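Breakdown of the fold
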Amino acid sequence: MWEQYLLYGPLVARVLYAVYIDGEVKNDDWCLHILMLSGLRALVHQLWSSFSCMLFVNRTRRINQQGVEFDQIDAEWHWDNFLILQTFAASFLYLSFPALANLPIWDMRGVICCLMLHMGISEPLYYWLHRLLHSSSLFQQYHWLHHSSKVLHPYTAEHATFLEHILLCVVVGIPTLGTVFIGYGSIILMYSYFLVFDFLQCLGHCNVEVFPHRLFETIPLLKYLIRSPTYHSLHHSDMGTNFCLFMPLYDKLWKTMNTKSWDLQREISSRTNSRVPDFVFLAHVVDVMSSMHSQFVFRSFSSIPFSAKPFLFPGWPIAYLVMLVMWAKSKTFLFSFYYLRGKLFQTWAVPRFGFQYFLPFASKGINKQIEDAILKADRIGVKVISLAALNKNEGLNGGGTLFTNKHSNLKVRVVHGNTLTAAVILNEIPQDVNEVFLTGATSKLGRAIALYLARQKVKVLMLTLSTERFAKIQKEAPADCQKYLVQVTKYQAAQHYMDYRQVVDAARNSFIPRRDCTYGKLAAMRLPDDVEGLGTCEYTMERGGVHACHAGGLVHFLEGWTHHEVGAIDVDRIDVVWEAALRHGLKPL
């Protein structure tokens, strides 16, 4: 995955040689400039990618409302290969023309010359090359790849065939090399041209309309000088129009401008509201490291299950500072979304990290964040809001009962999803098991699992030091099933299952069946196959997988149930919820 970056090795070696052998890196060291420019260009793309994925900032101005799916992310994974190609091209030119290594820092005449060459040669050249690539004989061979991306994204700008990248090298080479050979070249000009070029490329593919329509109404000439994101998006939906590079002037001259361009731009830039979601999963941040597992930080990384990677560590201090700012200022925000059977499903994130839920002085503020999110969902017309993990902690808000008791007239259904979580765990236990060692036995999930198994005549060894809590749960079981619930106070009670060390490890996963010890992960389910627009993994879940409490809320919505699912788990509904989940196409992971 990272092997291609070894191609930068000779340039890095040359710079290191200059530092450690020659004692300094000269201002005209072309290897250093090529590396620095490549890094800055990658940064431009990364920043635009982050902006494009910040749904909490740009959701109302998104042009294509669909989400970027895993297939497109995989296809665009190596978007930065064009930088490697242009690095080689630049190195070849520097070695062929030594004068390129002796440019002055700045020459104002070069700016005017470069602009003239770009507007007079590169723009019309690109226009006609682009139109040629759309001919029936060339499109399927060389240009289809770029148009295979269904939803535009800054990385889509560089998702092209090798021929297209070669042609683009010619397009950018004419203004830059032309200015140098005329005698007006400079180092600042080289940096500026390539960075501005990439900036405008990313802007055109960002899928967010960033220009206010009043700008074009106030200065009509701008309509022919700058390509808006909406303008280029129309080229991808109507491929016979809007061929220009950055200047719609050439579409106007050769009569290929889409007549809807500016009306659509006005419509999108004027939006103040976005579609109301049908279902919301209210999540929270786990820890500082996993906070970087998001589309607006690293899109590609967020499309695979989270695990700590070496490249994340340099970003940890920044993520920690962001965590402090979020703690002080931030409110619940839109994190991701997908579609299922025409309905919009969103994940909102409470701006709190896992450790903060265990700080006594922070509980009031966290509950306020959750309450505000529920009230907002109720106000805008959300049907179901499902609470994730610690957002439904019993000690924090009674599994959601705090909010439903306080606001008895809620139209939105509040769901903790733990009924399906219990069902997932229970269905992982082999059918022939007749005895189970249960840890976390008096928790909300432990209680439901123990009572369910007791009804099935399965003996449950409930690990707990609290006789009072055990007795309370035991009394909930039918009289003829209470004998199947047995209190144990030490892990050694499970020694006949496995050695003591294994019991301690396995205990984290809730249950240990006799003879067939199962080491489970977090309870989870796979979304139905017809889900659309999903391009991010939910924490450590594999692609398409979600935590069982997320799936539980989803089932609640799909079934159209009108009750709140808060507080203690209704054991009678475990099978009902499980069967409903399977009926709607969800599958256990």
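No experiment lies behind these values; they were computed from the predicted model shown.

Some words on the overall build of the protein chain
A count of helices and strands for the protein chain gives 24 helices and 13 strands. Principal-axis analysis of the C-alpha atoms gives the protein chain an extent of 95 × 60 × 50 Å. Entry remark: accessible area of the protein chain is about 27500 Å², with carbon and sulfur atoms responsible for 61%. Side-chain charges in the protein chain split into 54 positive and 47 negative, and the spacing between the mean points of these groups amounts to 7 Å.

Here we look at the environment of Gly342
Considering the arrangement of structural elements, one finds Gly342 in the loop between strand E2 (333-340) and strand E3 (343-353). According to the relative accessible area criterion, Gly342 is partly exposed, its value standing at 48%.

Digging into the pattern of salt bridges
If you walk through the whole model with that rule in mind, you get 19 salt bridges. Of the charged contacts, one joins Asp107 and Arg109 as a salt bridge, the two residues approaching to 3.0 Å between their closest N and O atoms. A salt bridge links Asp480 to Lys457, with the nearest nitrogen and oxygen atoms 3.3 Å apart. With a gap of 23 residues between them, Asp480 in the loop between helix H21 (467-476) and strand E8 (485-488) and Lys457 in the loop between helix H20 (444-455) and strand E7 (459-463) connect regions that are remote in the sequence. Three or more residues joined by partner-sharing salt bridges are found here, namely Glu217, Asp263 and Arg266.

Focus on unusual backbone geometry
A positive phi angle, close to 55°, is found at Arg341, a residue other than glycine. Mapped onto the secondary structure, Arg341 falls in the loop between E2 and E3.

Considerations on the sheet that holds strand E1 (residues 279-285)
Sheet architecture is open: 6 strands sit in the order E5-E4-E1-E3-E2-E11, paired in mixed fashion. On the outer flanks of this sheet lie strand E5 (413-415) and strand E11 (531-532), each paired with one strand and no other. Alignment of E1 against strand E4 (residues 384-387), held across 4 bridges, turns out to be parallel. Bridge pairing in E4 links Phe281 to Ser386.

Examining the sheet that holds strand E13 (residues 587-588)
Judged by pairing direction, the sheet is antiparallel, and its 3 strands sit side by side in the order E12-E10-E13 without closing on themselves. Only two strands of the sheet have a single partner each, and these edge strands are strand E12 (545-547) and E13. In terms of strand pairing, strand E10 (residues 524-526) meets E12 through 3 bridges, oriented antiparallel. Each bridged residue has a counterpart across the sheet, and for Ala524 the counterpart in E12 is His547.

Quick look at the side chain of Thr241
One can find Thr241 in the loop between helix H11 (229-237) and helix H12 (249-253). Its relative accessible area of 13% is what places Thr241 among the buried residues. Looking at Thr241, its side chain comes within polar contact range of the main-chain oxygen of Asp238, at 3.0 Å. Residues contacting Thr241, with those up to four places away along its chain left out, are Leu234, His235, Thr256 and Asn258.

Some words on helix H13 (residues 261-269)
Taken as a whole, H13 has its buried residues at Ser261, Trp262, Gln265, Ile268 and Ser269. With its buried residues spanning 125° around the axis, H13 presents them on a single face. The inward-facing, buried residues of H13 contact helix H10 (213-218) and H11.

What to know about a nonpolar patch on the surface
Among the surface-exposed residues, Val12, Leu16, Tyr17, Val19, Tyr20 and Ile21 lie close enough to one another that they form a single nonpolar patch of about 610 Å² accessible area. Looking at the secondary structure, you find Ile21 in the loop between helix H1 (9-20) and helix H2 (30-53).

Quick notes on the packing of helix H8 (residues 162-182) against helix H9 (residues 187-204)
Two elements in contact, H8 and H9, have axes separated by 10 Å at closest approach and are oriented at 150°. In terms of axis orientation, H8 runs roughly antiparallel to H9. Between H8 and H9 the crossing geometry is right-handed. Here Leu168, Val171, Val172, Pro175, Thr176, Thr179 and Val180 of H8 come into contact with H9, specifically with Leu189, Met190, Tyr193, Phe194, Phe197 and Gln201. Classifying every residue of the contact of H8 with H9 by side-chain character gives 10 nonpolar, 3 polar and no charged.

Some words on the nonpolar core
With 58 residues, the main nonpolar core has Leu420, Leu453, Met462, Leu485, Met525 and Ile574 as its most contacted residues. At 7 residues, the largest contribution of residues to this core is made by H20. Leaving out residues up to four positions away in the same chain, Leu453 has contacts with Leu426, Ile429, Val436, Val458 and Val460.

A short note on the environment of Leu125
Structurally, Leu125 is set in helix H6 (residues 108-133). For the pair Leu125 and Met289, spaced 164 residues apart in sequence, the C-alpha to C-alpha distance is 47 Å. Aside from chain neighbours lying at most four places away, what touches Leu125 is Val170 and Ile174.

Observations concerning helix H7 (residues 136-147)
Across its 12 residues, H7 extends only 14 Å between first and last C-alpha, which sits more than 12% below the 16 Å expected from 1.5 Å per residue. Buried within H7 are the following residues: Phe139, His143, Leu145, His146 and His147. The inward-facing, buried residues of H7 contact H6, H8 and H11.

Side note on the UniProt feature "domain: Fatty acid hydroxylase" (unreviewed entry) in the protein chain
In this numbering, the UniProt entry assigns the feature "domain: Fatty acid hydroxylase" (unreviewed entry) to residues 116-256. Taken end to end, residues 116-256 is 63% helix and 0% strand, and its first and last C-alpha atoms sit 23 Å apart.

About the criteria used
Residues numbered from 1 in each chain as written. Predicted model: local features only at pLDDT ≥ 70, side-chain atom pairs only at ≥ 80, totals over all residues. Heavy atoms only, no water. Helix = DSSP H or I, 4+ residues; strand = E, 2+ residues; numbered from the N terminus. Areas by Shrake-Rupley, 256 points an atom, 1.4 Å probe, with all protein chains shown as cover. Lys, Arg positive; Asp, Glu negative; His and termini not counted. Charge placed at Lys NZ, Arg CZ, Asp CG, Glu CD. Buried < 20%, exposed > 50% of the residue type's maximum accessible area, 1.4 Å probe, protein only. Salt bridge = Lys/Arg side-chain N within 4 Å of Asp/Glu carboxyl O. Pairing = 2+ DSSP bridges. Polar contact = N/O pair within 3.5 Å; in protein donor to acceptor, adjacent residues only side chain to side chain. Contact = heavy atoms within 4.5 Å. Arc of directions from axis to C-beta. Patch = residues over 30% accessible without salt bridge, like charges linked within 9 Å, V, L, I, M, F, W, Y side chains within 5 Å. Axes fitted to C-alpha atoms, helices over the stretch in contact; angles between N-to-C directions. Parallel < 35°, antiparallel > 145°, perpendicular 65-115°, else oblique. Left-handed = near helix turned anticlockwise from the far one by under 90°. Nonpolar A, V, L, I, M, F, W, Y, C, P; charged D, E, K, R; others polar. Core = buried A, V, L, I, M, F, W, Y, C linked by side-chain atoms within 4.5 Å. Expected span 1.5 Å × (residues − 1). UniProt positions renumbered as here; feature names shortened; annotations may be inferred.

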